[in-house]
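What the coordinates show
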Amino acid sequence: MKYLMCNLKSNKSLKEMLEYKKQLNKLNFSNCEFILFPSFVYLSLFYDAKFLLGSQNLSKYKEGSHTGEILASQLKSLKVSYTLINHTETHEKHKNIIKKIQNATNEKIKVVLCFGEKSENQDAIPLLKNDLIEIFDQLNWKEQQNIILAYEPSYAINSSQPLSSTKIENIVSQIKNFILENYAIEIEIVYGGSVNPLNIVDLAKIDKIDGFLLGNSANNPKNIEKIIETI
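Fair warning: this is a prediction, and the values are worked out from it, not measured in the lab.

Take Phe-115: it is sitting in strand β5 (residues 110-115). Relative accessible area serves as the criterion here: at 8%, Phe-115 is assigned to the buried category. Residue contacts for Phe-115: discarding those within four places in its chain leaves Leu-128, Leu-132, Leu-149, Ala-150, Tyr-151, Glu-152, Pro-153, Ile-175 and Ile-189.

Okay, structure coming up:
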């Protein structure tokens, strides 16, 4: 069963979100692991949802009084079971990524760690491996095992089309092998980057991909329905 992760980013007013929830409740999620990532302010609206709930980020702090921060323990109390970390729009430092992964793991919140090259002209594999080494080497095995990778190259986000299926499959395959050989973990990897109801037909054929992370397409429940039918 593939993951279908929907990142709503900072979209929707309260009225719009209530209607969105109403439409989502009409969908059948039986053939996928559906996870919704709404804005922090709307997490409590989905406390009783029939699908899994995720946060778009979390604090690097484990506890204490920190204005504007959302602690992992607070998220857990809202039935949040997944969190995005290091999305390309957040520009995280490695030391903060590590702290966030540790905090999420302590609260039994699954980490969706975003990674990807910033330019199409970059030699992706060495760059991606180096980024992952800097993070994984600072984590214990339990923390490493708590990670799902989300391959999301920056230049593919909000683009007219995603990367070619061949390039995605090659990168995902090499990264899976790299993690297995170096950390003895059969890691799961989802793909994000302009996934929509049209290109999902080809993307869904890539065997190595364990699911998809939607951005703009997730704002319309009809898009989600079409994608669920395809994967």
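Moving on, we come to the packing of aromatic side chains. Considering all chains together, one arrives at nine aromatic pairs under this definition. In this structure, Lys-21 is placed above the aromatic ring of Phe-46, and the distance from its NZ or CZ to the ring centre is 5.9 Å. Taking the ring centre of Tyr-47 as reference, the NZ or CZ of Lys-79 above it sits at 4.4 Å.

What follows deals with the sheet that holds strand β2 (residues 32-37). Judged by pairing direction, the barrel is parallel, and its eight strands sit side by side in the order β1-β2-β3-β4-β5-β6-β7-β8 before closing back on the first. For this sheet the average axis-to-axis angle between neighbouring strands, irrespective of direction, equals 25°. Each of β5, β6 (147-151) and β7 (189-192) is contacted by helix α6 (residues 165-183), which is oriented at about 150° to β7, the strand it contacts most. Where helix α8 (residues 221-230) meets the sheet, it contacts β1 (2-7), β2 and β8 (211-214), and its direction lies at approximately 165° from that of β1.

What counts and what doesn't
Residues numbered from 1 in each chain as written. Predicted model: local features only at pLDDT ≥ 70, side-chain atom pairs only at ≥ 80, totals over all residues. Heavy atoms only, no water. Helix = DSSP H or I, 4+ residues; strand = E, 2+ residues; numbered from the N terminus. Buried < 20%, exposed > 50% of the residue type's maximum accessible area, 1.4 Å probe, protein only. Contact = heavy atoms within 4.5 Å. Phe/Tyr/Trp six-rings, centres within 6.5 Å; stacked < 30°, edge-to-face > 60°. Lys NZ or Arg CZ within 6 Å of the ring centre and 35° of its normal. Pairing = 2+ DSSP bridges. Axes fitted to C-alpha atoms, helices over the stretch in contact; angles between N-to-C directions.

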